[in-house]
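Here are the chains, one letter per residue:
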Amino acid sequence: RVVSFGGGTGNTYFTTDSAAVLRAIEIEADVILKGTRVDGIYNADPEKDLNAIKFDHISFDDVLSKGLKVMDTTAFTLSQENKLPIIVFDMNKKGNLKKVITGEKIGTKVNLCTTSMYLVPSYSTLYNFIQITGIASSASKNLKIRSYWF
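These figures come from a predicted structure and were not determined experimentally.

Draft legend 1. View of the pattern of salt bridges. With the rule as written, the count across this model stands at four salt bridges. Note that Arg-37 and Glu-47 form a salt bridge whose closest N and O atoms lie 2.7 Å from each other. Pair noted here: Arg-37 is in the loop between strand 2 (31-36) and strand 3 (41-42) and Glu-47 is in the loop between strand 3 and strand 4 (54-55), with a separation of 10 residues, a long-range link. Residue Glu-47 is classed as partly exposed on the basis of its relative accessible area, which comes to 46%.

Draft legend 2. A look at the confidence of the model for the protein chain. When pLDDT is averaged across the protein chain, the result is 76; 71% of the residues are at 70 or more. In this model, residues 1-5 is a region of pLDDT below 50 whose contacts with residues beyond four sequence positions or in other chains number 15 contacts. Counting contacts from residues 116-150, a segment whose pLDDT is below 50, to residues more than four positions away or on other chains yields 115 contacts.

Draft legend 3. Molecular detail of helix 3 (residues 73-81). If you check which residues of helix 3 are buried, you get Ala-75, Phe-76, Ser-79 and Gln-80. Down the axis of helix 3, the smallest arc covering the buried residues is 135 degrees, so these residues share one side. The exposed residues of helix 3 that point more than 90 degrees off its buried face are Thr-73 and Glu-81. Lining the buried residues of helix 3 we find helix 1 (16-26), strand 2, helix 2 (60-66), strand 6 (86-90) and strand 7 (108-111). By the N-cap criterion, in which a side-chain oxygen at the helix start approaches the backbone nitrogen of a residue two or three places on, helix 3 is capped by Asp-72, the distance to Thr-74 being 3.0 Å. Lys-83 sits one or two positions beyond helix 3 and adopts a positive phi of about 55 degrees.

Draft legend 4. Seen up close, the environment of Glu-28. Locating Glu-28 in the fold gives a position in the loop between helix 1 and strand 2. Along the sequence, Glu-28 and Asn-82 sit 54 residues apart, while their C-alpha atoms lie 9.7 Å from each other.

Draft legend 5. Seen up close, the pairing of strand 2. Most of strand 2 is tucked away, with six of its six residues classed as buried. Taking every second residue as pointing to the same face, both faces of strand 2 are buried, with Val-31, Leu-33 and Gly-35 on one and Ile-32, Lys-34 and Thr-36 on the other.

Draft legend 6. Just the side chain of Ser-79, in detail. Mapped onto the elements of the fold, Ser-79 is located in helix 3. Filtering out sequence-adjacent residues up to four positions away, Ser-79 remains in contact with Val-21, Ile-32, Phe-60, Leu-84, Pro-85 and Ile-86.

Draft legend 7. How the structure looks around helix 1. Those residues of helix 1 lying buried are Asp-17, Ser-18, Ala-19, Ala-20, Val-21 and Ala-24. The N-cap residue of helix 1 is Thr-15: its side-chain oxygen and the backbone nitrogen of Asp-17 are 3.2 Å apart. After helix 1 finishes, the residue Glu-28 shows a positive phi value of roughly 55 degrees.

Draft legend 8. Examining the nonpolar core more closely. Core analysis: the largest hydrophobic core is formed by 18 residues, its most contacted members being Ile-41, Met-71, Phe-76, Ile-86 and Val-110. Where this core is concerned, the elements lending two or more residues are helix 1, helix 2, helix 3 and strand 6. What Ile-41 contacts, discounting residues up to four positions off in sequence, is Ile-53, Lys-54, Phe-55, Ile-58, Leu-68, Val-70, Val-88, Thr-108 and Val-110. The next biggest cluster of nonpolar side chains, apart from the first, holds seven residues, and it includes Leu-33, Ile-87, Val-100 and Ile-101.

Rules used throughout
- Residues numbered from 1 in each chain as written.
- Predicted model: local features only at pLDDT ≥ 70, side-chain atom pairs only at ≥ 80, totals over all residues.
- Heavy atoms only, no water.
- Salt bridge = Lys/Arg side-chain N within 4 Å of Asp/Glu carboxyl O.
- Helix = DSSP H or I, 4+ residues; strand = E, 2+ residues; numbered from the N terminus.
- Buried < 20%, exposed > 50% of the residue type's maximum accessible area, 1.4 Å probe, protein only.
- pLDDT = per-residue confidence, 0-100.
- Contact = heavy atoms within 4.5 Å.
- Arc of directions from axis to C-beta.
- Polar contact = N/O pair within 3.5 Å; in protein donor to acceptor, adjacent residues only side chain to side chain.
- Core = buried A, V, L, I, M, F, W, Y, C linked by side-chain atoms within 4.5 Å.

This is the structure in structure tokens:
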């Protein structure tokens, strides 16, 4: 069953990133899935710098200390304070949403510790996911999506 939601928080000064993180916290999501135009987080803008280096994994603190732009500061800080990991991936590449939901290692994972493993819930542990352009929740091995925000 698919249920569609739309919009942000309805408050000025709050981005869709902030709205997604707020909703993720409310439903106790396991992770934020941030779909973007690039395939992860880099030390420089990969669309402008051909020598930009991609991070497979990075901590919240490292993102802040390096001045990297992942999402707006309010959303990022909310995610960090609530220990809500973020996976940044290319949403324009066909099949990437399915890959990230099924546990395939794509994009960049942001969480509290740089030494932790890249853990993406698999079929057996998939509960709640948020994507900036969508919310998907599932608790079944068949990945029946119960809700989606686009």
